[in-house]
Amino acid sequence: MKLILKIVGSLIALLLIAALAVAGWYLYQKQPVRSGTLNLDNLSATVRVQFDERGVPHIKAENQNDMYRALGYVHAQDRLFQMELVRRLAKGELAEVLGPKLVESDTLFRTLGIRAHAKSAAAKMDMTTPAGQALLAYLDGINQYQDKHRSPIEFDILGIPHQPFTPEDTFAVSGYLAYTFAAALRTEPVLTFIRDELGADYLRAFDIEWNPQGVLTPPTVLSQRDRDGLNRIAQVSLEAMELAGVPLFEGSNAWAISGKRTASGKPLLAGDPHIAFSTPSVWYEAHLTAPDFELYGHFQALSPFALLGHNMDFGWSLTMFQNDDMDLIAEKVNPENPQQVWHNGQWVNLETRSETITVKNAPPVRINLRRSPHGPLINSVFKDSMGDTPIAMWWAYLETENPIAQAFYELNRADTRDKAREAASKIHAPGLNVVWANAKGDIGWWASAKLPQRPQGVNPTFILDAAKGEAEKPGFYAFNFNPQEENPARGYIMSANHQPKPSSGVPVPGYYNLPDRAQRLDDVLSNPKVRWDTQAAQALQLDSGNGHARRVLQNLLPVMQQVVTDPNEKAFIEPLTKWNGDYTTDSIAATLFSQLLYELGKAAMEDELGEVQFEHLLQTRAIDFALPLLIADPQSPWWDNVDTKAKESHFETVRVAWTNTLQHLQGLYGTSLLDWRWGIAHTLTHAHPLGMQKPLHLLFNVGPFPSPGGRETPNNLSGPMGPAPWSVSYGPSTRRIIDFADASRAVGINPVGQSGVLFDRHYADQAERYMAGAYVPQHLDAEDIKAHTKSTLRLKPFR
């Protein structure tokens, strides 16, 4: 019997060893290849790829086409699943691999017209130009990797079929990028509701630059079903991007300091674009070298041209312009023919087209899409919530030439101010601030976008009335009318998504961020005593405070001290009275303030707006502007609870908000203030698309980490306003600092890791350092690269 048990035990052990060996071999075949020699088609000479200690490829080629082909190959081996998912989201093809729950998302993105526009843009691009040749070579590198190697784990789990990557995919992804910048779908419906249903007194709480009534008299008439349809579009859009794990662009910091203000005597460039966190992160770093070209770049999926970059001679960073390049337009329908709308004094036919959505494990779905002269009709996406009034979407991305690939091809080579300005002028949508510097001593900033001319007095903050001509665009302003600066006398340029003041006087409506982050940066940068170097720039990027809390509390604390009479509750107020506004991980006041601000908004506004509209308001920047103005205005009608017979003042509503704050935090963390620290309530997890499904989150997600920073601090680790606990959803997607006294000593950081391949050593090797505020070198010098090379891959042409 013992012998039998021993044999059975040995067999089980052998089976386990065999299973582990098979699993190990399976995972090994999925890993990136970073050493040895591989053959690639279409190369004209051998390309050497040296991988440094972070897995960053340093590509050296004999010509630029070979260089871009090699970039595509190594980019794909680290990020193929990310490439696949972002192209499917942009083109409305997620349901094919994720099933029926993504049909609504696919319907929305096809309605937006990104897929059709990408197909048209790819057909128009001259592929014989250097930019066109670079794009084709890069995509060829991706496709060769996909054809010759095992699929990533995610492809096997989801059953994703291989499809070649095309220029159409690249243009679709740029369309998705533009869409993530557009706040109109989230903001205009709720502000139009406030204007039309509640009135001008309620709009006082929002920072609206022009006449809050616009020129629409009477206001645009929308039914509740119209509003429900628009709300659903905003919700589906957010859910799709979260489910797909595709980063949403949220904001950014960038500054350039001239040599007269730096310790080295040369310009210094710093930048940290604020983008939604994910695994892998949005940026892929690569150093490209050819006889006539060199650049250390940060690349987005399916783009061969760096969106951020530098070399020894020049560099640039980006922030989001936040200009309003999307209008929602209420169309007037012909009562005799529902397929016609009023335009330029006559009834015109709607354009229609049909598309088919392939659905995994379900029949295909046929959708009919309509378009007016102003753009696609977006509220007819979902038939069960379609209202009576067609809402068209005018979007600069669809209505401009927008040679964005050519723009970044040129920006990657812009070693002079004239070249940088010319490249920036070719970015039509999305709106981007290009902050640039070079080793010769120049600094510059260009707010890049095609700015539409709108009829006098029209406020695009609201849904426009097409029947009255409010949606017509006579043209676009010339680029020289855009906000911009070159070598200003003050010695620095700063961009932080705040509303610019154009020297041309042309108004630039937009959905700008609170000014507090920009003000904090400007206060520090304007200090004439500071001689700027890399360490000083790092300290500013990692700054976790601003003046927002002090600005709010100066009006709020006097009210609270009157309405809070219980001695025990007064003890909870004390941290707020002593707080300097820094969101450090050990701050108790940061937790109290963030919960209280949400409860104030909820107590004041949810009764008038309803739960759905209030939730959508929380997703917008409008709420950030509204609450400080509301708290400073004791006569605001928002303070009254319309669900009660009594008329509440700000005293009663602040009291309700404070009580709810304490109850919520005590329910989560107990009664000890020591357990209310910001790092306990405010954490960052880098989520992978498959990590949305338990227990896969234990494998694919990275985190959680206690997180400093907060809404509109320079270290802008944050998320939408809401109740505790807070999951950080966006923040610095990289932190870069380049002193042009020696750009080979530039530093940066990736929030997670260079690789998107599970179990690869570079999958999450930077995550802890990122949270600790560390920086790592971005090697540019040949000897430095050699010293830090961990492996070398040679890509050789077939002979």
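Fair warning: this is a prediction, and the values are worked out from it, not measured in the lab.

K.L.:
Please provide a residue-by-residue account of the pairing of strand β19 (residues 443–448), values included.
P.N.:
Across the six residues that make up β19, a large majority, six, are buried. Burial of the side chains of β19 extends over both faces: Ile443, Trp445 and Ala447 are buried on one face and Gly444, Trp446 and Ser448 on the other. Relative to β19, strand β18 (residues 432–438) runs antiparallel, the two being bridged by six bridges. Along β19, the bridge assignment pairs Val434 with Trp446. Linking β18 to β19, which pair antiparallel, is a turn of four residues; within it Gly441 sits at a positive phi near 120 degrees. Note: β19 against strand β23 (residues 484–486), three bridges, orientation antiparallel. When the sheet's bridge partners are listed, Gly444 is paired in β23 with Glu486.

K.L.:
How would you summarise the environment of Asp739 if you had to cite specific residues and measurements?
P.N.:
In this structure, Asp739 sits in strand β29 (residues 736–739). Since its relative accessible area comes to 13%, Asp739 is described here as buried. Sequence-wise, Asp739 and Ala439 are 300 residues apart; in three dimensions their C-alpha atoms are separated by 8.7 Å. Once residues lying within four places of it in the same chain are set aside, the contact partners of Asp739 are Ser264, Lys266, Pro267, Leu268 and Thr534. A distance of 2.9 Å separates a polar atom in the side chain of Asp739 from a polar atom in the side chain of Ser264.

K.L.:
Go over the nonpolar core, please, and point to the residues and values.
P.N.:
Judged by nonpolar contacts, the single largest core of 147 residues is most densely connected at Tyr68 and Phe408. Among the elements that take part in this core, helix α2 (residues 64–91) stands out by supplying 14 residues, more than any other. Look past the residues within four positions of Tyr68 in its chain and what remains in contact with it is Ala134, Ala137, Tyr138, Leu288, Phe293, Pro304, Phe305 and Arg413. Leu191, Ile194, Met560 and Ile623 belong to the second largest nonpolar core, which has 59 residues in total.

K.L.:
So what's going on with the sheet that holds strand β15 (residues 365–372)? Residues and values would help.
P.N.:
Sheet architecture is open: three strands sit in the order β14-β15-β16, paired in antiparallel fashion. Sheet topology places β14 (351–357) and β16 (375–376) at the edges, where each strand pairs with a single neighbour. As defined by bridge partners, β15 adjoins β16 across two bridges and the pair is classed as antiparallel. Opposite Arg371, over in β16, you have Pro376 as the bridge partner. Contacting β14, β15 and β16, helix α4 (residues 103–112) runs over the sheet at an angle of about 145 degrees to β14.

K.L.:
Quick one: what's the story with the side chain of Thr713, residue by residue and with numbers?
P.N.:
Along the chain, the position of Thr713 falls in the loop between β26 (702–706) and β27 (726–728). Within the structure, Thr713 has its side chain in polar contact with the backbone oxygen of Gly710 (distance 3.1 Å).

K.L.:
Can you explain the sheet that holds β18? Please cite residues and give values.
P.N.:
Pairing in this open sheet of 11 strands is mixed, and the strands run β1-β32-β2-β3-β6-β7-β8-β9-β18-β19-β23 from one edge to the other. Of all the strands in the sheet, the pair left with one neighbour each is β1 (36–40) and β23. When strand polarity is set aside, the average angle formed by the axes of neighbouring strands in this sheet is 20 degrees. Inspection of the sheet shows strand β8 (residues 308–310) paired to strand β9 (residues 314–320) by two bridges, in the antiparallel sense.

Thresholds, definitions, all that
- Residues numbered from 1 in each chain as written.
- Predicted model: local features only at pLDDT ≥ 70, side-chain atom pairs only at ≥ 80, totals over all residues.
- Heavy atoms only, no water.
- Buried < 20%, exposed > 50% of the residue type's maximum accessible area, 1.4 Å probe, protein only.
- Helix = DSSP H or I, 4+ residues; strand = E, 2+ residues; numbered from the N terminus.
- Pairing = 2+ DSSP bridges.
- Contact = heavy atoms within 4.5 Å.
- Polar contact = N/O pair within 3.5 Å; in protein donor to acceptor, adjacent residues only side chain to side chain.
- Core = buried A, V, L, I, M, F, W, Y, C linked by side-chain atoms within 4.5 Å.
- Axes fitted to C-alpha atoms, helices over the stretch in contact; angles between N-to-C directions.

Just distances and angles here, no functional claims.
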